Amino acid sequence: MKLYFVRHGVTDWNIEKRRSGQTDIPQLVDEGRKHARQAGEKLKDSKIDVIFVSPLNRAHETAEIINEYLNAKIIVRNELIERDFGNFEDKKATADEWDKFWDYNNPSTTGESIQDLFKRVHDFIDEIKREYTDKNVLIVSHGGPARAVRFYFEKMPADGKIVEFCPPNSEILEYEIKD
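Below you will find a few notes about this structure. (Residues numbered from 1 in each chain as written. Predicted model: local features only at pLDDT ≥ 70, side-chain atom pairs only at ≥ 80, totals over all residues. Heavy atoms only, no water.)

**With respect to the side chain of Glu 127**
Along the chain, the position of Glu 127 falls in helix H5 (residues 114-131). Look past the residues within four positions of Glu 127 in its chain and what remains in contact with it is Arg 77 and Glu 79. (Helix = DSSP H or I, 4+ residues; strand = E, 2+ residues; numbered from the N terminus. Contact = heavy atoms within 4.5 Å.)

As structure tokens, this is what we get:
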């Protein structure tokens, strides 16, 4: 079984460095659509059986574009929504504030905790492993869930600082899941 993960395509808020969290940005920009098509092209021979997607528009639009190359079933799952950014929602956080917000060892005092984000995403991956054992699965979601997926399969840095582990928009991550 393979699990693929794609972070949604670029939005105007990404360009402006505004923190979107669970704010539902209405659509991707042209660059975001272009990169989603490129991801679809790269994934077209991967034999994806099912696509799980966040309920937010930016992820869903990305999944729809990618699916033009895959023709897989798309299932919306709330577990894949971005982390609630609390006071940073629709704001520009300083680098220091943002580093602290993504420090696993120093839980944030605003929005959803990293631990809660990781638990919901890790529980979802456990469900995928149980119910889709012989399938190839694509998840289209956000930077927060991307970090949770990554550290499901890899060891987290001892210092807990994970801000830099957010993949670029529309980047494909691939993981092999063995029994």
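Let's pick the thread back up.
**A word on the layout of surface pockets**
Of the voids in this model, the largest pocket is the one considered here, and its volume is about 410 Å³. Along the walls of the largest pocket sit 22 residues, with Arg 7, Asn 14, Arg 19, Trp 98 and Cys 166 positioned nearest its centre. Listing elements by their share of the lining of the largest pocket, those giving two or more residues are helix H1 (12-16) and helix H6 (143-153). Residue composition of the lining of the largest pocket, by class: seven nonpolar, seven polar and eight charged. (1 Å grid on protein atoms, 1.4 Å probe; cavity = no way out; pocket = protein on both sides within 12 Å on 5 of 7 lines; lining within 4 Å. Points joined across faces, edges and corners; volume = space filled by probe spheres on them. Nonpolar A, V, L, I, M, F, W, Y, C, P; charged D, E, K, R; others polar.)

**Considering the pairing of strand S5 (residues 172-176)**
With burial as the criterion, only one face of S5 is covered, namely that bearing Leu 173 and Tyr 175; the residues Ile 172, Glu 174 and Glu 176 on the opposite face remain uncovered. Strand direction decides the pairing type here: strand S1 (residues 2-7) and S5, joined by five bridges, are antiparallel. Within the sheet, the bridge partner assigned to Val 6 lies in S5 and is Ile 172. (Buried < 20%, exposed > 50% of the residue type's maximum accessible area, 1.4 Å probe, protein only. Pairing = 2+ DSSP bridges.)

**Notes on the packing of H5 against H6**
Helix packing for two helices is described by the angle between their axes and how far apart those axes are. Between H5 and H6, whose axes approach to 9 Å, the crossing angle comes to 60°. Classified by the angle their axes make, H5 and H6 are oblique. Along this stretch, H5 crosses H6, giving a crossing that reads as right-handed. Note on element contacts: H6 touches H5 through Gly 144, Pro 145, Arg 147, Ala 148, Val 149, Phe 151, Tyr 152 and Phe 153, opposite Leu 117, Phe 118, Val 121, His 122, Ile 125, Asp 126 and Lys 129. Here the residues of the contact of H5 with H6 sort into ten nonpolar, two polar and three charged. (Axes fitted to C-alpha atoms, helices over the stretch in contact; angles between N-to-C directions. Parallel < 35°, antiparallel > 145°, perpendicular 65-115°, else oblique. Left-handed = near helix turned anticlockwise from the far one by under 90°.)

**What to know about the packing of aromatic side chains**
Scanning the entire structure with this criterion turns up 14 aromatic pairs. Between Tyr 104 and Phe 118 the ring centres are 5.2 Å apart and the planes differ by 50°, which places this aromatic pair in the tilted class. Taken as a pair, Tyr 104 in the loop between helix H4 (95-101) and H5 and Phe 118 in helix H5 lie far apart in primary sequence, 14 residues in all. Exposure remark for Tyr 104: the relative accessible area of 24% places this residue in the partly exposed category. Phe 118 gets classed as buried once you look at its relative accessible area, which sits at 3%. The interplanar angle of 85° and the centroid separation of 5.2 Å between the aromatic rings of Phe 151 and Phe 165 together place this pair among those described as edge-to-face. Of this pair, Phe 151 sits in helix H6 while Phe 165 sits in the loop between H6 and S5, and the two are 14 residues apart along the sequence. When sorted by exposure, Phe 151 lands in the same class as Phe 165, which is buried. Through a chain of ring-to-ring contacts, the aromatic side chains of Phe 85, Phe 88, Trp 98, Phe 101 and Trp 102 assemble into a single cluster. Positioned above the aromatic ring of Trp 98, the side-chain terminus of Arg 19 is 4.0 Å from the ring centre. We note Arg 147 situated over the ring of Trp 102; from NZ or CZ to the ring centre the distance is 3.9 Å. (Phe/Tyr/Trp six-rings, centres within 6.5 Å; stacked < 30°, edge-to-face > 60°. Lys NZ or Arg CZ within 6 Å of the ring centre and 35° of its normal.)

**Observations concerning the pattern of salt bridges**
A pair can form between side chains of opposite charge whenever their charged atoms are brought close. Counted under the stated rule, the structure contains 13 salt bridges. Among the salt bridges present, the one from Lys 161 reaches Asp 103, with a minimum N-O distance of 3.2 Å. A residue pair is termed long-range when its members are at least 10 positions apart, and Lys 161 in the loop between H6 and S5 and Asp 103 in the loop between H4 and H5 qualify at 58 residues. Between Glu 112 and Arg 120 there is a salt bridge whose closest N-O contact spans 2.8 Å. Of the two residues, Glu 112 and Arg 120, neither departs from the other in class, the shared state being buried. Salt bridges sharing common partners tie together Glu 16, Arg 18 and Asp 90. (Salt bridge = Lys/Arg side-chain N within 4 Å of Asp/Glu carboxyl O.)

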